[in-house]
Amino acid sequence: MARLPRLVIPGQPQHVIQRGNNRQEIFFVDEDYQFFLQKLQAAGKKHSCDIHAYVLMTNHVHLLVTPRAGDGIGKLMQMLGRYYVQYFNHRYKRSGTLWEGRYKATLIDSEQYLFTCMRYIELNPLRAGMVTHPADYPWSSYRHNALGQPDGVITPQREYRRLGKTGAQRQSAYRQMFETQLAEKTLDEIRAATNKAWVLGSDPFKARIARRLKRRVSPVPRGGDRKSEDYRRKTGIKQV
């Protein structure tokens, strides 16, 4: 069965994941991480994508990106992947694929889920047992968003800018969000939405996106009359 086109709306953030093939490591030394971030910054500027959060794990990458053009994220990931594979294969005297197929992505309801997704991304090293505090991990956006460390990769999203009038106020408000852990239910919801390319947001947000894109953007609920007028009205799906 043909794959559905990606859910893309210019100006709407997306959570993007790219994994190494067979979960193999894609970063070994500091220079690997540094090269990837250099190309991420360049690709974001070239293809009009604002990057709000990221984490580079040993065998996968998480990004929170807002494209300003419909094909922005696709071109960003293509450019980034091409440059990094060339670098990685040359450095480690290897050949062949590095990535596990296509990147995965989900559209984010910025008003409801932006900070939840940012926390999910920047807390990855903590959940993996690599550090005891997100500030201890050097290859994420936490030090910029929470502590004000300069990072040319990051462009603040509007909801982040609303946290305070000054950088210090925004950083303080952002740090407070990390005083509580994300619930396991929330983690599962983010993982499911991203892995299956569904929209992550409130029901009204999902309904608006479904109507705009004229396609289903979330799993069909189990049980009930899926062909009912009420169901079609809520999802914006027309019966054919």
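Please refer to the structure higher up on the page.
Residues numbered from 1 in each chain as written. Predicted model: local features only at pLDDT ≥ 70, side-chain atom pairs only at ≥ 80, totals over all residues. Heavy atoms only, no water.

Draft legend 1. Spatial organisation of the side chain of His-144. Position of His-144 relative to the elements: it lies in helix α5 (residues 142–147). Judged by its relative accessible area of 19%, His-144 falls in the buried class. At 2.8 Å, the side chain of His-144 forms a polar contact with the backbone oxygen of Gln-149. Aside from chain neighbours lying at most four places away, what touches His-144 is Gln-149, Pro-150, Asp-151, Ile-154, Tyr-160 and Gln-171. (Helix = DSSP H or I, 4+ residues; strand = E, 2+ residues; numbered from the N terminus. Buried < 20%, exposed > 50% of the residue type's maximum accessible area, 1.4 Å probe, protein only. Polar contact = N/O pair within 3.5 Å; in protein donor to acceptor, adjacent residues only side chain to side chain. Contact = heavy atoms within 4.5 Å.)

Draft legend 2. View of helix α8 (residues 184–195). End to end, α8 covers 16 Å across 12 residues, agreeing with the expected 16 Å (1.5 Å per residue, within 8%). Of the positions making up α8, those classed as buried are Leu-187, Ile-190, Ala-193 and Thr-194. End-on, the buried residues of α8 take up no more than an arc of 140°, which puts them together on one face. For α8, exposure combined with an orientation more than 90 degrees from the buried face picks out Glu-184 and Lys-185. Packed against the buried residues of α8 are β1 (14–19), β4 (104–107), α3 (110–122) and α4 (124–127). Just downstream of α8, Ala-197 is the residue with a positive phi angle, here 60°. (Expected span 1.5 Å × (residues − 1). Arc of directions from axis to C-beta.)

Draft legend 3. Inspection of the nonpolar core at higher detail. The biggest cluster of nonpolar side chains holds 59 residues, and the ones touching the most others in it are Leu-56, Leu-63, Tyr-84 and Tyr-174. Elements that contribute at least two residues to this core include exactly α1 (30–46), β2 (49–56), β3 (60–67), α2 (72–91), α3, α5, α7 (167–177) and α8. The dominant element in this core, judged by the number of residues it contributes, is α2, at nine residues. Sequence-distant contacts of Leu-56, that is, excluding residues within four places in its chain, are made with Phe-27, Tyr-33, Phe-36, Leu-37, Val-61, Tyr-137 and Trp-139. Within the second largest apolar cluster, eight residues are counted, among which are Leu-7, Leu-107, Phe-205 and Ala-210. (Core = buried A, V, L, I, M, F, W, Y, C linked by side-chain atoms within 4.5 Å.)

Draft legend 4. Up close: the pattern of salt bridges. Within this structure, the stated rule accounts for seven salt bridges. With a closest N to O distance of 3.1 Å, Asp-71 and Lys-75 form a salt bridge. Judged by relative accessible area, Asp-71 falls into the partly exposed class, the value being 41%. Through salt bridges with shared partners, a single network forms among Glu-184, Asp-188 and Arg-191. (Salt bridge = Lys/Arg side-chain N within 4 Å of Asp/Glu carboxyl O.)

Draft legend 5. The pairing of β2, seen in detail. Across the eight residues of β2, eight count as buried, placing the element largely inside the fold. Relative to β3, β2 runs antiparallel, the two being bridged by seven bridges. Among the inter-strand pairings, Tyr-54 is bridged to a residue of β3, identified as Leu-63. Here β2 folds back onto β3, and the loop between the two strands holds three residues. (Pairing = 2+ DSSP bridges.)

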